[in-house]
Amino acid sequence: MKPIRLGHVGTLHDHSPAKLACVKKFPELFEVVGIVAESPERAAELSNQPPYQGIPFTTREGLLELGVEAVLVEGFECDLVHEAQFWADHGVHLHVDKPAGDDVASLERLLRTVKEKELTFQMAYMYRYNHAILDCIKKIEAGELGEIYQVTAIMNTGHSAEKRKWLSAFKGGIQFFLGCHMIDLVYRLQGLPQRIHPFLKSTGFDGVSSTDVSMAVFEYSNGISTVAATSAEVNGYGRRQLVVCGSRGTYEIEPLEAPTHAYFIPADAAATYGDRRKEVELPPFDPACRYDDMMLDFARFIRREAENPFTLEYELTLQKLLMFCCGDTKVDWKSPTKI
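Residues numbered from 1 in each chain as written. Predicted model: local features only at pLDDT ≥ 70, side-chain atom pairs only at ≥ 80, totals over all residues. Heavy atoms only, no water.

Caption draft 1: Local environment of the packing of aromatic side chains. Per the counting criterion, the structure on display carries 12 aromatic pairs. Taking 6.2 Å as the distance between ring centres and 10 degrees as the angle between the ring planes, the aromatic pair formed by Phe-170 and Phe-177 counts as stacked. Exposure remark for Phe-170: the relative accessible area of 6% places this residue in the buried category. Residue classification places Phe-177 among the buried residues on the basis of a relative accessible area of 4%. (Phe/Tyr/Trp six-rings, centres within 6.5 Å; stacked < 30°, edge-to-face > 60°. Buried < 20%, exposed > 50% of the residue type's maximum accessible area, 1.4 Å probe, protein only.)

Caption draft 2: The arrangement of unusual backbone geometry in detail. Note that the residue after Pro-50, namely Pro-51, is joined by a cis bond; omega there is 0 degrees. Tracing the backbone shows Pro-51 in the loop between helix 2 (40–46) and helix 3 (60–65). In this chain, Glu-254 is followed by Pro-255 through a cis amide linkage whose omega measures -10 degrees. Of note, Pro-255 is situated in the loop between strand 11 (249–253) and strand 12 (262–266). Unlike most non-glycine residues, Glu-118 shows phi in positive territory, near 55 degrees. Tracing the backbone through its elements, the reader meets Glu-118 in the loop between helix 5 (104–116) and strand 5 (121–123). By relative accessible area, Glu-118 is classed as exposed at 62%. Phi at Asn-235 is positive, roughly 60 degrees, even though this residue is not glycine. One can find Asn-235 in the loop between strand 9 (223–230) and strand 10 (241–246). (Helix = DSSP H or I, 4+ residues; strand = E, 2+ residues; numbered from the N terminus.)

Caption draft 3: Examining the sheet that holds strand 4 (residues 93–96) more closely. Across the sheet, five strands lie side by side as 2-1-3-4-5; this open sheet has parallel pairing. With one partner strand each, in any of the chains shown, strand 2 (30–36) and strand 5 form the two edges of the open sheet. Within the sheet, the average angular offset between the axes of one strand and its neighbour, ignoring direction, is 20 degrees. By the bridge criterion, three bridges tie strand 4 to strand 5 in an arrangement that is parallel. Each residue of the ladder has a partner; that of His-95, found in strand 5, is Gln-122. (Pairing = 2+ DSSP bridges. Axes fitted to C-alpha atoms, helices over the stretch in contact; angles between N-to-C directions.)

Caption draft 4: Fine view of the sheet that holds strand 9. Reading across from one edge, 7-8-9-6-10-11-12-13 is the order of the eight strands in this open sheet, with mixed pairing throughout. Of all strands in the sheet, those bounded by a partner on one side alone are strand 7 (195–201) and strand 13 (278–279). Pairing geometry for strand 6 (residues 148–154) and strand 10, over six bridges, is antiparallel. Along strand 10, the bridge assignment pairs Ile-148 with Gly-246. Contacts between helix 10 (residues 312–325) and the sheet are confined to strand 7 and strand 8 (213–220), with strand 7 contributing the most and set at about 50 degrees to the helix. (Contact = heavy atoms within 4.5 Å.)

Caption draft 5: Up close: the packing of helix 5 against helix 10. Across the interface, helix 5 lies against helix 10 with an axial gap of 10 Å and an inter-helix angle of 175 degrees. Between helix 5 and helix 10, the interaxial angle falls into the category roughly antiparallel. Counting all contacts with helix 5, which are made through Val-104, Leu-107, Glu-108, Leu-111, Val-114 and Lys-115, the residues of helix 10 involved are Leu-312, Glu-315, Leu-316, Gln-319, Lys-320 and Met-323. (Parallel < 35°, antiparallel > 145°, perpendicular 65-115°, else oblique.)

Caption draft 6: Broad picture of the environment of Lys-334. Tracing the chain through its elements places Lys-334 in the segment after helix 10. On a C-alpha basis, the gap between Lys-334 and Ser-168 in space is 28 Å, while along the polypeptide they are 166 residues apart. Those residues in contact with Lys-334, other than ones at most four positions away along the chain, are Leu-192 and Gln-194.

Caption draft 7: Here's a closer look at the pattern of salt bridges. The final tally for this structure, using the stated rule, is 19 salt bridges. Between Arg-164 and Asp-206 there is a salt bridge, and its shortest N-O distance comes to 2.3 Å. Taken as a pair, Arg-164 in helix 7 (residues 161–166) and Asp-206 in the loop between strand 7 and strand 8 lie far apart in primary sequence, 42 residues in all. Look at Asp-206 and you get exposed, because its relative accessible area is 62%. Two residues, Arg-195 and Glu-219, come together in a salt bridge whose shortest N-O distance is 3.0 Å. (Salt bridge = Lys/Arg side-chain N within 4 Å of Asp/Glu carboxyl O.)

Nothing here speaks to function; it is all geometry.
So this is what it looks like as structure tokens:
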């Protein structure tokens, strides 16, 4: 089969350069035919920088004239859905970085277009491909953890004052920017909660007033789960973690990556007072390969060789949960979602 003619649209997302570098590693699957930057000035700034170097910068219309079949939407977070709508209207398959903007109604409109035109739609939640998380899910599905009653999900970082100030562009600040990853995991593992309690705070460090400390508490019939995202923690990256507690065992991942360490403790190995963790053997993590499996799946989805396990309804409900956790408490995340 011929390579998929791929466009790279937007360059302001933090994942833009690494995502483009990733697809360029698979020329048998993707032919990157052009890049659409946010402005001519931005294009001039990037044109001689890897991985953008050697790929023509063009316009939306120019990319369409090149026969683009799919695009990576990698612009500023709040522009992603609007940009994706243009390409969906033109029948182009979509890989959209996360989170999916800050307007749920716009995302719903986009997803309806995707369904009507039978397009591939993939959200860029890369932890869905994390080897430790996949191993944890495999053990849950095999019944090795028993009944899940609690998930602790932490997505912390130690950002600069400039980056923390930038967070003010988002409803919910750091919860929107990074907490979205952990909300995805809690929802995937436990489904819809009964109630959600969001907490959004500012440290005030360096005179920055944006939301750089956040937590959301998810109430379930059999327990409580939490999502925390903080932008001001020393070694926050090293403490990113996911802990899944079940009636028959606990699975702990900390750090989530670079490096990834995972531990599984079955009930028969546990002691009331004592640490009986045993590390799980995982494939080595290579930061340069962070997006590989996700992009390989994108090609499979487009070629109808595999079906995306994350439905349009799932993605819309996830976004509703996220925006509620970001303080938009008018969002109705409890009602069934239908695209």
